[in-house]
There are 2 protein chains.
Amino acid sequence: MRSRGVWFASRRGSVATPRGGQSASMTDTASTDDRRRMWDASRRAHHLLSGERPLTMTEQLERLTAGSADLDRRGDVYGDGVMRELEERIAAMLGMPDALWLPTGTMAQQIALRCWAERAGTTRVVLHPRHHTLLNEEDAVTALAALTPVFATEEPRYATAEETGAAARGAAAVVFEVPFQDLGYELPPWADFRAAVGAARAADAAVHLDGARLWDAAAVWRRDTAEVAALADSVYLSLYKAPGAMSGAALAGDAELIDRARTWRIRYGGQLFSAWPAVVGALRGLDERVSRVPMWTAHAGVIAGALDDVGMRPLPSAPRPREFFVRAEASAADMNRAVLEVTETTGWRFLHGWWAEEGGGALAEMTTADPALDWTADDVRRVGRLVADRAGGTR
Amino acid sequence: MRSRGVWFASRRGSVATPRGGQSASMTDTASTDDRRRMWDASRRAHHLLSGERPLTMTEQLERLTAGSADLDRRGDVYGDGVMRELEERIAAMLGMPDALWLPTGTMAQQIALRCWAERAGTTRVVLHPRHHTLLNEEDAVTALAALTPVFATEEPRYATAEETGAAARGAAAVVFEVPFQDLGYELPPWADFRAAVGAARAADAAVHLDGARLWDAAAVWRRDTAEVAALADSVYLSLYKAPGAMSGAALAGDAELIDRARTWRIRYGGQLFSAWPAVVGALRGLDERVSRVPMWTAHAGVIAGALDDVGMRPLPSAPRPREFFVRAEASAADMNRAVLEVTETTGWRFLHGWWAEEGGGALAEMTTADPALDWTADDVRRVGRLVADRAGGTR
């Protein structure tokens, strides 16, 4: 799945996302040898602009045991123990009655939509044609979940409140993805978002929030996650993005929804015998990481400005979440080669993982986290020029 | 799901299995307080008859790092790395072209059957009405996988070759579960099994092996797992039973089947961002545990005979896998209370986790593993009499 890119025309031109599942750290243009070199260079690098230093399994275990969770006790069996603790904690955090852990976002969102479809007695759900469920999940939403996608707009942008309301009539649910991954993490203004949600409600459709990056959206809007969740009937959260768990997702909603979802979790094969390493990592992330997202978001603006200074264009423009796309004029192969060599020779790992853009040029995904805080705007410009000189094609 | 028992009339009377998912270590009759007492008593016990000592998360991590797998390297992302290693190893072990890791058996078997249904162009699959997919998975095989179960027999026994052949005509696949969990782990003689498989093949149906406990079956038949797998077109293995991993399953088959299954794994939401703790545990289990199953199986006969001596009836009779059911005349509540008290006072944990049998009496599941090897027949009789005296109702 990761071997083929998904192409679409964005407002600003065509964008290719080579990601499978939720995201991928490597690109199609990198050979196995280059991947190994990048792994080695990233582990030796003293500065990493995007994402985090790759860890061995031993190091991940050390991080897990260094966390705040008390591990000298029973883990989880078929969803009890620490998994139930995490679910209750997420429900409380979002101000929702209940929550359910699930192994993937793919499963979480299908289950949420099937539950709304069951309740409403219709298979119609309003999705954007560029939503993850339609781009990256092998048509599961139709082939497996047997749902009927309805589009409020087919343009590469957020649907307006008017479009949303029209599509929502007779639909079980409307999906709102904030920020919108396939549009380079574009996020609507809070007022526009509220208006679109209001239009869905007025049409009697359930409001489902694709909050894979809910903390990122909340930080841009300067709202608490509970304030954002309060607009929704169901919320999906990814636990391996901002919280940094090994894997996993959560679905929050009212008690009836979560009871139904628990049955569907069994049906989908999502009730694992034991999953506590992912669960404990999520608990640790809620304790220690998600409160840092506003700081990461603030620094994303510094990074974006400096990238722009060296001819690498960040998109979307403000408001900009901590993850955003960057466009360079050089080819993806040249950019990846240049980043690898600069990392190996200087220990500064610049923005990496470039993929080819349709019609030339390259795109990469900037993920602002703790390592990015060590980069000043001057650092970004200096190392960016080194990379651009090596790659050619970018001033 | 674990709160309701599933009842059926076996050859020898009615049997209730209170398990959700694949199995449960606790019974409906135990209060939360009793469960905590049993956890504490089991951890202090110096002899454990069935199953293994419950481990804290810290202890599980220690076991993981003490294993043979080299953890000073990259784990897995979206199915690559150590997960792919495990898949290749399982394929080689079974002598099959390819294999795929999946988070649960529920997902593995639905996917296998859907793939066969796609290939054959029919939704008809031959299952036993007491198969796990129909008893313990919230009707997923129809409600989610959209398959049409066909029964070779509705009796609580293996279907004959003749019955199998008749049902298999026009069906995509026939499922063979060895040993058959809901019949108390009954296993057909090898010749009968081969004859039934041959009848399915003669009817042009694919042969799917539910090998959740394939090692257990192979040990009874005194065959290599590859020799058993050679009879099948697809094999499902559970990785947290004999191999002792934290969770996980595998599906093995030809390259086309596994390619299709890989697509369905994405659709079902089974492509986890990272799952290496479960994967590394499975690799360790293949290295260190599965070769011990024949020894466990041999000792299961010793244990069963001694249980019979104190009026607790093992079923099925020989050939008996290392897991088998045991029936007592006392109530489940009395048996569980007696086992708990004897464990607390003597440090010998007798067969535990009894559940109520329809019409009186109790059943429990004996799992013979390393701790059982420390019990002689005399030990079983001596502690069994202590328990029976306390529980009453059993001589």
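Being a predicted model, the structure only gives us computed values, none of them experimental. Residue positions are counted from 1 within each chain, in the order its sequence is given. Just so you know, chain letters begin at A and ligand numbers begin at 1, following the order they were written in. At least 70 in pLDDT is required for a residue's local features to be given in this predicted model, at least 80 for side-chain atom pairs to be given and counted, and no such filter applies to totals for whole chains, interfaces and linings, which use all residues. Excluded from the side-chain calculations are hydrogens and water; all other atoms, namely the structure's heavy atoms, are used.

(A) How the structure looks around the pairing of strand S7 (residues 173-177) of chain B. All names here are of chain B. Most of S7 sits out of view: 5 of its 5 residues are buried. Burial of S7 is two-sided: the residues Ala173, Val175 and Glu177 facing one way and the residues Val174 and Phe176 facing the other way are all buried. DSSP calls a pair of strands paired once it identifies at least 2 bridges connecting them. Only DSSP runs of H or I with at least four residues qualify as helices, and only runs of E with at least two residues qualify as strands; both kinds are numbered from the N terminus onward. Here strand S5 (residues 124-126) runs beside S7; their pairing, made up of 2 bridges, is parallel. By the bridge assignment for S7, valine 125 is matched with alanine 173. In the sheet, S7 pairs with strand S8 (residues 206-211) via 5 bridges, with the strands oriented parallel. The residue bridging phenylalanine 176 from the neighbouring strand is leucine 209, located in S8. The β-α-β motif built from S7, the intervening helix H8 (residues 190-202) and the parallel element S8 has right-handed crossover chirality. Buried, partly exposed and exposed residues are distinguished by accessible area as a fraction of the type maximum, computed with a 1.4 Å probe on protein chains only: under 20%, between the cut-offs, and over 50%, respectively. Whether a crossover is right-handed depends on one test, that the path from the first strand over the helix to the second runs clockwise when the strands point away from the viewer.

(B) The sheet that holds strand S15 (residues 362-367) of chain B, seen in detail. All names here are of chain B. With antiparallel pairing, 4 strands are arranged side by side in an open sheet as S11-S12-S15-S14. Strand pairing shows two members of the sheet lacking a second neighbour, strand S11 (313-315) and strand S14 (355-356), which therefore form its edges. Pairing analysis gives 2 bridges linking S14 to S15, with the strands arranged antiparallel. Opposite tryptophan 355, over in S15, you have leucine 363 as the bridge partner. Only heavy atoms enter the contact rule, under which two residues are in contact if any of them lie within 4.5 Å. Where helices are involved, their axes are fitted lines through C-alpha atoms of the stretch in contact, as for all axes, and angles between N-to-C directions lie from 0 to 180°. Against the sheet, helix H13 (residues 293-309) contacts S11, strand S12 (323-328) and S15, and its axis sits at roughly 5 degrees relative to S12.

(C) Structural context of the confidence of the model for chain A. pLDDT expresses how confident the predictor is about each individual residue, on a scale running from 0 to 100. Model confidence for chain A is summarised by a mean pLDDT of 91, while 91% of its residues fall at 70 or above. Segment residues 1-27 of chain A is flagged for pLDDT under 50; beyond a separation of four residues in sequence, or across chains, it makes 94 contacts in the model.

(D) Up close: the interface of chain A and chain B. Tallying the contact residues gives 50 residues for chain A and 50 residues for chain B. Buried area is a sum: the accessible area each of two parts loses on coming together, probed at 1.4 Å, counted once for each and added. Counting the surface lost from both chain A and chain B, the interface buries some 4400 Å², and carbon and sulfur atoms represent 66% of this. For the chain A face of the interface with chain B, the top three residues by lost area are Met57, Tyr78 and Arg267 of chain A, together amounting to 17%. By convention in these notes, a salt bridge is any Lys or Arg side-chain nitrogen within 4 Å of a carboxyl oxygen on Asp or Glu. Connecting chain A to chain B are 0 salt bridges. Here a polar contact is taken to be a pair of N or O atoms separated by no more than 3.5 Å, where protein atoms must pair a possible hydrogen donor with a possible acceptor and residues adjacent in sequence count only if both atoms sit in side chains. Inspection of the chain A/chain B interface yields 20 residue pairs in polar contact (both at pLDDT 80 or more). Contributions of two or more residues to the side of chain A that touches chain B are made by helix H2 (57-65), helix H4 (105-120), helix H6 (140-143), helix H11 (255-268) and helix H12 (276-288) of chain A. Three classes are used, and their members are as follows: Ala, Val, Leu, Ile, Met, Phe, Trp, Tyr, Cys and Pro are nonpolar, Asp, Glu, Lys and Arg are charged, and the others, Gly among them, are polar. The class makeup of the residues in the side of chain A that touches chain B is 23 nonpolar, 18 polar and 9 charged.

(E) Geometry of the relation of the copies chain A and chain B. Only residues with pLDDT of at least 70 in both copies count here: their C-alpha atoms drive the least-squares fit that superposes the copies. Overlay of chain A on chain B (RMSD 0.0 Å): rotation 180 degrees, translation along the axis 0.0 Å. Viewed as a symmetry operation, the transformation between the two copies matches a two-fold axis. Within chain A, the C-alpha atom positioned nearest to the axis of rotation is that of tyrosine 268 of chain A, 3.1 Å from it. Both copies present the same face, since 100% of the interface residues in chain A are matched by interface residues at the equivalent positions in chain B.

(F) Inspection of the nonpolar core at higher detail. Core analysis: the biggest nonpolar cluster contains 135 residues, and Phe193 of chain A together with Phe193 of chain B have the highest contact counts within it. Ranked by size, the runner-up nonpolar core spans 60 residues in total, among them Val175 of chain A together with Ala249, Ile258 and Ala261 of chain B. What makes a nonpolar core is a set of buried Ala, Val, Leu, Ile, Met, Phe, Trp, Tyr and Cys residues whose side-chain atoms join them at distances within 4.5 Å.

(G) Region of interest: the pattern of salt bridges. Considering all chains together, one arrives at 64 salt bridges over all chains under this definition. When the shortest N-O distance is used, the salt bridge between glutamate 118 of chain A and arginine 260 of chain A registers 2.9 Å. Taken together, the positions of glutamate 118 of chain A in helix H4 and arginine 260 of chain A in helix H11 put the pair 142 residues apart, joining distant regions of the chain. Classification of glutamate 118 of chain A by relative accessible area gives partly exposed; the value is 36%. Given a relative accessible area of 25%, arginine 260 of chain A falls into the partly exposed group. Arginine 74 of chain B is the salt-bridge partner of aspartate 80 of chain B, the closest N and O atoms lying 2.8 Å from each other. Relative accessible area serves as the criterion here: at 33%, arginine 74 of chain B is assigned to the partly exposed category. Connected through salt bridges with shared partners, the residues Arg84, Glu87, Glu88, Asp98, Asp259, Arg262 and Arg265 of chain A form a single ionic network.

(H) Inspection of unusual backbone geometry at higher detail. In this model, leucine 315 of chain A is joined to proline 316 of chain A through a cis peptide bond whose omega is -5 degrees. Take proline 316 of chain A: it is sitting in the loop between strand S11 (313-315) and strand S12 (323-328). A cis geometry characterises the amide bond from valine 178 of chain B onward to proline 179 of chain B, with omega recorded as -15 degrees. Here proline 179 of chain B shows up in the loop between S7 and H8. Although it is not a glycine, alanine 146 of chain A sits at a positive phi angle of roughly 60 degrees.

(I) The arrangement of the sheet that holds S7 of chain B in detail. Residues and elements named next belong to chain B. Here 7 strands make up an open sheet; going across it, the order is S4-S10-S9-S8-S7-S5-S6 and the pairing mixed. The open sheet has two edge strands with one neighbour each: strand S4 (98-102) and strand S6 (148-150). For this sheet the average axis-to-axis angle between neighbouring strands, irrespective of direction, equals 25 degrees. Across the sheet, helix H7 (residues 161-168) touches S5, S6 and S7, and the angle it forms with S7 is around 145 degrees.

(J) Local environment of helix H3 (residues 82-94) of chain A. Residue and element names in this part refer to chain A. To estimate the expected span of a helix, count its residues, drop one, and scale the result by 1.5 Å. For H3, built from 13 residues, the straight-helix expectation of 18 Å at 1.5 Å per residue is met to within 8% by its first-to-last C-alpha distance of 18 Å. Within H3, burial applies to Val82, Met83, Leu86, Glu87, Ile90, Ala91 and Leu94. Positive backbone phi, approximately 70 degrees, marks glycine 95, located one or two places after H3.

(K) How the structure looks around the pairing of strand S15 (residues 362-367) of chain A. All names here are of chain A. In terms of residue burial, S15 counts as a mostly covered element, since 6 of its 6 residues are buried. The side-chain alternation of S15 yields two buried faces, one formed by Ala362, Ala364 and Met366 and the other by Leu363, Glu365 and Thr367. Pairing geometry for S12 and S15, over 6 bridges, is antiparallel. Across the sheet, glutamate 323 pairs through a bridge with threonine 367, a residue of S15. Where strand S14 (residues 355-356) hands over to S15, the hairpin turn is made up of 5 residues, of which glycine 359 adopts a positive phi near 85 degrees.

(L) Expanded view of the domain arrangement of chain A. On domain assignment, one finds that chain A holds domain 1 (6-59 + 291-391) and domain 2 (70-288). Here the bounds of each domain stem from an automatic or database domain assignment. Between the C-alpha centres of domain 1 of chain A and domain 2 of chain A there is a distance of 27 Å.

(M) Fine view of the side chain of threonine 106 of chain A. All names here are of chain A. With respect to the element layout, threonine 106 can be found in helix H4. Given the relative accessible area of 7%, threonine 106 is considered buried. Reaching out from threonine 106, the side chain makes a polar contact with the side chain of glutamate 137 at a distance of 3.4 Å.

(N) Spatial organisation of the packing of aromatic side chains. When the centres of two rings from Phe, Tyr and Trp lie within 6.5 Å, Trp using its six-membered ring, the rings pair. Their planes under 30 degrees apart give stacked, over 60 give edge-to-face, and anything left gives tilted. Applying the stated criterion to the full structure yields 23 aromatic pairs over all chains. Between tyrosine 78 of chain B and phenylalanine 273 of chain B the ring centres are 5.4 Å apart and the planes differ by 85 degrees, which places this aromatic pair in the edge-to-face class. In this pair, tyrosine 78 of chain B is assigned in the loop between helix H2 (57-65) and helix H3 (82-94) and phenylalanine 273 of chain B in the loop between helix H11 (255-268) and helix H12 (276-288), connecting sequence segments 195 residues apart. Its relative accessible area of 22% is what places phenylalanine 273 of chain B among the partly exposed residues. Ring centres 5.7 Å apart and planes at 75 degrees place the aromatic pair tyrosine 158 of chain B and phenylalanine 180 of chain B in the edge-to-face group. Of this pair, tyrosine 158 of chain B sits in the loop between S6 and H7 while phenylalanine 180 of chain B sits in the loop between S7 and H8, and the two are 22 residues apart along the sequence. For tyrosine 158 of chain B, a relative accessible area of 18% corresponds to the buried category. Taken together through their ring pairs, the aromatic side chains of Phe176, Trp190, Phe193 and Trp221 of chain A make up a single cluster. Charges are assigned to positions over rings by a cutoff of 6 Å between ring centre and Lys NZ or Arg CZ, combined with an angular limit of 35 degrees from the ring normal. It is lysine 241 of chain B that lies over the ring of tyrosine 240 of chain B; its NZ or CZ is 4.5 Å from the centre.

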